[in-house]
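Inside the fold
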Amino acid sequence: MPEPPKFYTVSDLVRVHTCPVRYYYERNEPFAESDRYAVCKQISYHLGDPLDAEVIWAEVLVVRPKIDPSLREFLDICIAACNKGTWQPAEETDVMVRSEKQGLTGMIDRVLPDGSFSIVRSARAMPIGTFAADRLRVAAIALCLGEMTGEPVQGGHVEYIPDGVSRYHTVQPRDLRQLITTLYKIRFMRDGEVPKHPLNAPCVRCRHMEKCESTRGRRLSDLL
Ligand code: SF4
């Protein structure tokens, strides 16, 4: 079995939060970003400047040469949505942050001129607020950034590119509780323990459903 990592990523944290059993099953599989994310991420480099679809699509093809060509239409939809709003251009992009105390690393997609940060999402926005996983992302990055700068970080923006919506989320105590609980679950697995099936796991369409049905109520370690 490979040596467990000393640092976990914010992406690991979110995957464990979604379902620790799925994370456990897939822990040795390479993590691949989606075509949708590749498009949204590329748009994000141009926010605050005119969004030229041809230029951005050419960049997407460099980054992801085998992308499904139908995503070109998605790019147009995203650009039309983003053009309805006003965006701050980034001071810096792709800034790594880390917390030595928590053994956590993450990446800020855009550092904004006012010093705040944003993360880029390829999901549609909720009517109000932010998704639980995005609140966890913001809390984790704020924690890392706070440790690096020595100043508390109150929150961050979540940019839902397909809807052209940016939402600021102020980190709440419940986000930090969720963060601590999820870190605890990751460490539990790192120490060789196997996770329990969560009661509210998002099992619909999960490719491990059959395996989970047969292991429910039994120790996963007996079967793996
Ligand atoms: S079927 Fe449900 S419990 Fe099992 S790995 Fe998938 S989401 Fe998790």
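Relevant structure appears above.
Digging into the pairing of strand 4 (residues 117–121)
- Most of strand 4 is tucked away, with five of its five residues classed as buried.
- Of the two faces of strand 4, the one holding F117, I119 and R121 and the one holding S118 and V120 are both buried throughout.
- Looking at chain direction, strand 3 (residues 104–111) and strand 4 are connected through two bridges and run antiparallel. Residue pairing for strand 4: R110 is matched across the bridge by S118.
- Turn length for the strand 3-strand 4 hairpin, with the two strands adjacent in sequence and antiparallel, is five residues, and the turn residue G115 shows positive phi of about 90°.
- Chirality of the crossover, the property in question, places the unit of strand 4, helix 6 (residues 132–149) and strand 5 (residues 155–160) among those that are right-handed.

Some points on the site of the ligand
- Surveying the vicinity of the ligand reveals the residues C19, V21, R22, Y25, H197, A201, P202, C203, C206, H208, M209 and C212.
- Looking at which element gives the most residues to the shell around the ligand, the answer is helix 2 (residues 20–25), with three residues.

Regarding unusual backbone geometry
- The phi dihedral of D94 falls on the positive side, at around 55°, and the residue is not glycine.
- Look at R205: it is not a glycine, yet its phi comes out positive at around 70°.
- If you trace the backbone, R205 turns up in the loop between helix 7 (173–190) and helix 8 (209–215).

Here's the deal with the nonpolar core
- Ranked by size, the top nonpolar core spans 39 residues in total, and within it I43, C78, A139, A140, I141 and A142 carry the most contacts.
- Among the elements of the structure, helix 1 (10–18), helix 3 (35–44), helix 5 (71–82), strand 3, strand 4, helix 6, strand 5 and helix 7 are those that each provide at least two residues to this core.
- The biggest single contributor to this core is helix 6, with nine residues.
- If we skip the residues at most four places from it in the chain, C78 touches V39, C40, I43, I161 and P162.

What counts, and at which threshold
- Residues numbered from 1 in each chain as written.
- Predicted model: local features only at pLDDT ≥ 70, side-chain atom pairs only at ≥ 80, totals over all residues.
- Buried ≥ 20, exposed ≤ 12 C-beta atoms within 10 Å, placed from the backbone.
- Helix = DSSP H or I, 4+ residues; strand = E, 2+ residues; numbered from the N terminus.
- Pairing = 2+ DSSP bridges.
- Right-handed = clockwise from strand over helix to strand, strands pointing away.
- Near = placed C-beta within 6 Å.
- Core = buried A, V, L, I, M, F, W, Y, C linked by C-beta atoms within 7 Å.
- Contact = placed C-beta atoms within 7 Å.

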